[in-house]
Amino acid sequence: MSLRRFQIPPLYILASILFGIKTYIVYRFMFNISIENIMQEFILLINPFASAFLFLALSVWFKNKRQMKFLRFATLMGTLILFLNLVFYRNFTDFITIPVLFQGSNAADLGSSFFSLINPTDIFLLLDVAIVWFLSKRYESHVATTYNKRAKTIALSASILFLLGNYVLAEIERPQLLQRTFDREYLVKNIGLFNYHVYDTVLHSKSKAQRVFADGNEMPDIEKYVEQNATSKEESKLFGIAEGKNVILISLESMQSFVINNTVNGEEVTPFMNDLIDDSYYFENFYHQTEQGKTSDHEFLIDNSLYPLPRGAVFFTHGQNEYNSTPDILKENGYYSAVFHANNKSFWNRDVMYENLGYDHFYEQSAYEITDENSIGWGLKDKSFFEQSIKYLQSLPEPYYSRFITLTNHYPFELGEEDASIEQYDSNSRTLNQYFQTARYTDEALEQFFAQLKESGVYEDSIIVIMGDHYGISDFHNKAMSMYLNKEEITPYDHVQLQKVPFFIHIPGQEGKLMSKISGQIDVKPTLLHLLGIENKDDISFGTDLFTDDRKEFVALRDGSFISDDYVYSKDQCFDRTTGELLFSKSVVETEDTGENVCQPINDMVQKELSYSDQIIYGDLFRFYKINNN
Ligand code: GP9
Ligand code: MN
C-alpha cells in the first residue's frame with residue numbers, strides 16, 4: 001500500500017493528536033480525577049494535547065532520520081511516564097513526585113505489588129506508539145520532512161501559545177496554582193501530567209540546591225537567638241497538669257475570632273464556643289500565622305513551632321526535611337498519634353508529610369463513608385465527620401495525640417437549607433453572608449462531638465484543644481466586613497486584628513481562664529508539651545509556652561506584620577495596639593515629620609526570626625542538629 005494516495009498531516013501533529021486522545025482517556029477513565037465544573041472538564045480535555053504538542057513539536061528541529069527517532073522515543077517515553085503514574089496511582093491514589101520516587105518505603109511498596117497493579121488492557125496504551133513506530137519505520141520517506149524556517153517557527157509559536165492558553169485557563173480556574181501548589185491532583189488536572197512533572201522537577205532542584213549549600217554552620221547563631229529570645233527562663237505554671245492524658249486537637253476550618261461572642265441578625269453565631277470559654281483557657285488575642293499553604297501551614301506551625309514559608313506550601317516544598325515534630329517527641333514519650341481529615345490524602349501532600357512528621361495513622365477520605373447526603377462543598381459535613389471518627393478514636397492505643405481538621409466552614413461556605421440554623425447576613429458579599437451559617441454549623445458539630453466524647457468515655461482522660469486554622473474572609477470582602485463590624489473602613493490595623501483565630505485549651509475538671517496575652521500558632525507546640533509534662537529543653541522552636549510570663553514580646557505574622565503588647569505593625573505602618581492610632585507611617589514621613597518609628601526595633605527582630613526559621617527549612621538544618629527529646 002502506498003501512502004502517497006493519502007494526505008496525512010505531519011507525523012508530529014498526528015502523534016500529538018493520538019497521544020492527546022490517549023492521555024485524555026487515561027485521565028478521564030483510569031485515574032479518578034474529580035471534575036467539579038465545565039471549565040475543569042474543558043481544561044482537562046485540552047491539556048493533554050497542549051503538552052503532547054509542546055514536546056513532540058520539538059521534532060521539527062531534527063533532520064529526517066533523527067526526527068523519526070525522536071518521535072518514536074518521545075511517544076514511548078511519554079507512555080512509560082503515563083503508565084508508571086497509572087501503576088503508582090492504582091496503589092497510592094496519587095501521582096509520582098521526585099522525592100516520593102526516591103523515598104524508600106513507597107518505592108518498595110510499589111515494587112512488591114507491581115504486577116498485581118497492571119491490567120491486561122494497559123496494553124492499549126501502546127497503540128499510538130505502535131502507529132508512530134509503524135509509520136516512521138515503514139513510511140519514513142513519506143512522513144519525515146525537512147521543515148523550513150517558517151514551519152519551524154509556526155510549530156514553536158503554536159506550542160508556546162498552546163501552553164500559555166492552558167496556563168491562563170488554569171490560573172482563572174485556580175488562581176496562584178503554581179505558587180501555592182495546592183494538590184497534585186489539581187496540578188495534573190490543570191496543567192497536565194507532563195507539565196506537572198516538569199514543575200515538580202524545578203521545585204525539587206531548587207530546594208535541593210539550597211539544601212546542598214547548607215552545612216550546619218548556620219545553627220549556632222540560630223540556637224543562640226532561640227535561647228535568648230524564645231526560651232522561657234521561668235517554668236510553666238501548668239507544667240505537667242495533663243501528664244499522660246490523650247490530646248484531641250481540633251482545627252476549625254476558616255474560623256476567625258470575630259464571630260466569637262458576636263451575633264448576626266440578633267442571634268449568637270457560635271453559642272457552643274461562647275459557653276466553652278467559661279470553662280476553658282481561652283486566648284482572645286491569638287493569631288494565625290499562615291501564608292499560601294493555608295491549613296497545611298497551620299499544621300506545620302502547631303507541630304513544629306517553625307514558621308511556614310513566605311511562598312508555596314512547606315508541606316509540599318520541604319516535605320522530606322528532618323523535623324523535630326510534636327508527634328515525634330510524643331512518640332518518644334509513649335504516645336500514639338493520628339490525624340483525622342475527610343479529604344483526599346494527597347491534598348497538601350499530607351500523606352507524605354504526616355509520615356515524615358511521625359504520625360502513626362492518617363484517617364483520610366477512604367476511612368469515611370461519604371455520600372451525596374452527608375457531604376457539601378469540600379466534602380464530608382463536619383457533623384458526620386466527627387460522628388464517624390469516634391469509633392476510630394476509641395480504638396487508638398492510649399495515650400494518644402489526635403488531630404481533627406474540619407471542612408464545612410470552607411470557602412465558598414455552602415450549606416443546605418436543612419443544615420442552616422441561622423439566617424444569612426445581608427450585605428454585598430455572598431461569601432460573608434453565608435459564612436455565619438457555616439460557622440454556626442461547625443459550632444454545632446463541635447457541640448455534638450463534645451457530647452459524643454462524653455458518651456464514649458473519651459472525654460475524662462483527654463485535653464481538648466480547639467483552634468481556627470486561618471482567616472476565612474479575605475480583604476476582598478472588606479466593604480461587607482466593615483459594615484458588619486460597624487466601621488467606616490477596614491484599615492491595615494483592622495486587617496491585622498482580623499487575623500485573630502479562636503484558641504481554646506479545655507482541660508476537663510479545670511476551670512480555665514480568659515487569657516489576654518498576645519499569642520500565636522507558633523506557641524502551640526511548647527505549650528502543649530509543657531502541659532503534658534515534657535521539658536523538651538534543647539528543641540529549636542520559635543514559640544513560647546503560653547503559661548509563663550517570661551515570653552517574647554511579639555507575635556509575627558508570616559507577611560512580616562507583627563503584634564506586640566504595645567504596637568501593631570503592618571504594611572510599613574506602626575499603630576498603637578490598644579487605641580489603633582497611627583504612630584508612624586513610612587509613606588507619610590517623607591512629607592511631614594511623624595516622629596521616629598517606634599516599631600522598628602521589634603520589626604528588626606521579626607525579620608531576623610522569620611529569616612532564621614526559613615534558613616532552617618531551606619537548608620534542612622535539623623539534619624545537623626540532634627535533639628534529645630526526653
Ligand atoms: C483541605 C482543607 C482545606 O484538605 O484542609 O484546605 P485550605 O484550602 O483551607 O488550605
Ligand atoms: Mn483551611
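The rules behind each value
Position numbers for residues count from 1 along each chain, tracking the sequence in the order it is written. Each chain gets a letter, beginning with A, and each ligand a number, beginning with 1, in the order they are written. Only residues with pLDDT of at least 70 get local features here, since the model is predicted, and only at 80 or more are side-chain atom pairs given and counted; chain-wide, interface and lining totals rely on the full set of residues. Side-chain measures here rest on the full set of heavy atoms in the structure, leaving out hydrogens and waters. UniProt positions are given in the numbering used here, feature names are shortened, and annotations may be inferred rather than shown by experiment. For two strands to be treated as a pair, DSSP must find no fewer than two bridges joining them. Secondary structure elements are taken from DSSP: a helix is a run of H or I of four residues or more, a strand is a run of E of two residues or more, and numbering for both begins at the N terminus. Axis geometry follows a simple rule: fit a line to the C-alpha atoms, using only the stretch in contact for helices, then measure angles between N-to-C directions, giving values from 0 to 180 degrees. Only Phe, Tyr and Trp rings take part, Trp by its six-membered ring, and two of them pair if their centres are within 6.5 Å. Stacked means planes under 30 degrees apart, edge-to-face means over 60, and tilted covers everything else. Only protein chains enter the accessibility calculation, which uses a 1.4 Å probe. A residue is then buried if its area is under 20% of the maximum for its type, exposed if over 50%, and partly exposed in between. Either the NZ atom of lysine or the CZ atom of arginine qualifies as a charge over a ring when it sits within 6 Å of the ring centre and within 35 degrees of the ring normal. Nitrogen, oxygen and sulfur within 2.8 Å of a metal are treated as its donors, or within 3.2 Å for sodium, potassium and calcium (Na, K, Ca); water is not counted, so a site can appear incomplete. Here the metal geometry follows the donor angles, with tetrahedral for four donors whose angles all fall between 85 and 135 degrees, square planar for four and octahedral for six when opposite donors are more than 155 degrees apart and every other angle is between 65 and 115, and irregular for all the rest. Whether a residue is near a molecule or strand depends on its heavy atoms: if one lies within 4 Å, it is near. Polar contact is the term for a pair of N or O atoms within 3.5 Å; when the atoms are in protein, one must be able to donate a hydrogen and the other to accept it, and sequence-neighboring residues count only if both atoms are side-chain atoms. Here the accessible surface of atoms and residues is derived via Shrake-Rupley with a 1.4 Å probe, and residues count as covered only by protein chains that are part of the display. Residue contacts are counted whenever heavy atoms from the two residues lie within 4.5 Å of one another. Any angle from 65 to 115 degrees is called roughly perpendicular, while one under 35 is roughly parallel, one over 145 is roughly antiparallel, and all others are oblique. Take the far helix as your reference; a near helix turned counterclockwise from it by less than a right angle gives a left-handed crossing, and one turned clockwise gives a right-handed crossing. Basically, the charged four are Asp, Glu, Lys and Arg, the nonpolar ten are Ala, Val, Leu, Ile, Met, Phe, Trp, Tyr, Cys and Pro, and anything else, Gly included, counts as polar. Here, patches come from residues exposed beyond 30% relative accessible area and free of salt bridges, joined within 9 Å for like charges and within 5 Å for nonpolar side chains (Val, Leu, Ile, Met, Phe, Trp, Tyr). One side-chain nitrogen of Lys or Arg within 4 Å of one carboxyl oxygen of Asp or Glu is enough to make a salt bridge. Only four residue types enter the tally: Lys and Arg on the positive side, Asp and Glu on the negative side; His and the chain ends are excluded. A charge is said to be at NZ when it belongs to Lys, at CZ for Arg, at CG for Asp and at CD for Glu.

Under an unreviewed UniProt entry, the protein chain has the name Sulfatase-like hydrolase/transferase and belongs to Aquibacillus halophilus. If you open the UniProt record of the protein chain and go to Sequence similarities (unreviewed entry), you find "Belongs to the LTA synthase family." On record in UniProt, under Subcellular location (unreviewed entry), the comment for the protein chain is "Cell membrane".

1. Some points on the sheet that holds strand β4 (residues 281-283)
The mixed open sheet is built from eight strands, whose spatial order is β7-β6-β10-β1-β11-β12-β4-β13. Edge strands, defined here as strands with exactly one partner in the open sheet, are β7 (361-363) and β13 (513-515). Between one strand and the next, the sheet's axes are offset by a mean angle of 15°, whatever the strand orientation. Of the pairings in the sheet, the one linking β4 to strand β12 (residues 503-506) comprises two bridges and is antiparallel in character. Note on β12: the bridge partner recorded for Tyr282 is Phe504.

2. Quick look at the packing of aromatic side chains
According to the stated counting rule, one finds 51 aromatic pairs in the structure shown. A ring pair is formed by Phe283 and Phe503, whose centres lie 5.2 Å apart and whose planes are at 40°; its orientation type is tilted. Note that Phe283 is positioned in strand β4 and Phe503 in strand β12, a separation of 220 residues in sequence. Note on accessibility: Phe283 and Phe503 belong to one class, buried. Consider the rings of Phe385 and Phe386, whose centres lie 5.2 Å apart with planes at 40°: the pair is tilted. Taken individually, Phe385 and Phe386 each receive the classification buried, so the pair is uniform in this respect. An aromatic cluster of at least three residues, connected via ring pairs, comprises Phe340, Tyr363, Tyr368, Phe385, Phe386, Tyr392, Phe404 and Phe449. The aromatic ring of Trp133 is capped on one face by Arg72, whose charged end is 5.5 Å from the ring centroid. The ring centre of Tyr471 lies 5.1 Å from the NZ or CZ of Lys294, which sits over that ring.

3. Comments concerning the coordination of the manganese ion (ligand 2)
Around a metal, the idealised angle for a tetrahedral arrangement of four donor atoms is 109.5 degrees; for an octahedral arrangement of six donor atoms it is 90 or 180 degrees. Protein coordination of the manganese ion (ligand 2) is provided by Glu253 (OE), Glu253 (OE), Thr295 (OG1), Asp469 (OD) and His470 (NE2), with donor distances spanning 2.1 to 2.4 Å. Coordination at the manganese ion (ligand 2) comes from six donor atoms whose angles at the metal span 56 to 169°, giving a geometry best classed as irregular. Exposure remark for Asp469: the relative accessible area of 0% places this residue in the buried category. By relative accessible area, His470 is classed as buried at 1%.

4. What to know about helix α17 (residues 350-357)
The element α17 is largely enclosed, with a buried count of six among its eight residues. Within α17, the full set of buried residues consists of Arg350, Asp351, Val352, Met353, Tyr354 and Leu357. Count one or two residues on from α17 and you reach Gly358, which has phi positive near 100°.

5. Details of the site of ligand 1
Near ligand 1, the surroundings consist of Glu253, Lys294, Thr295, His341, Asn343, Phe347, Trp348, Arg350, Trp378, Leu407, His410 and His470. Side-chain polar atom of His341 to an oxygen atom of ligand 1: 2.6 Å apart, as the coordinates give it. Side-chain polar atom of Asn343 to an oxygen atom of ligand 1: 2.7 Å apart, as the coordinates give it. Its free accessible area being 310 Å², ligand 1 has 98% of it covered by the protein chains.

6. Section: the UniProt feature "binding site: substrate" (unreviewed entry) in the protein chain
Mapped onto the present numbering, the UniProt feature "binding site: substrate" (unreviewed entry) falls on His410. With respect to the helices and strands, His410 occurs in the loop between β10 (400-405) and α19 (430-455). Ignoring sequence-local partners within four residues, the contact set of His410 consists of Glu253, Ser254 and Trp378.

7. Some thoughts on the packing of helix α1 (residues 11-30) against helix α6 (residues 127-138)
Where α1 meets α6, the closest approach of the two axes is 9 Å, and the angle between their N-to-C directions is 165°. It follows from the interaxial angle that α1 and α6 lie roughly antiparallel. Taken as a pair, α1 and α6 cross one another with a handedness that is right-handed. Between α1 and α6, the contacting residues are Leu11, Leu14, Ala15, Leu18, Phe19 and Lys22 on the first element and Asp128, Val129, Ile131, Val132, Leu135 and Ser136 on the second. The residue inventory of the contact of α1 with α6, partitioned by class, reads nine nonpolar, one polar and two charged.

8. Quick notes on a negative patch on the surface
A contiguous patch of negative charge, built from Glu268, Asp275, Asp278, Asp279, Glu447 and Glu511, is present on the exposed surface. Inspection of the secondary structure puts Glu268 in strand β3 (residues 267-268).

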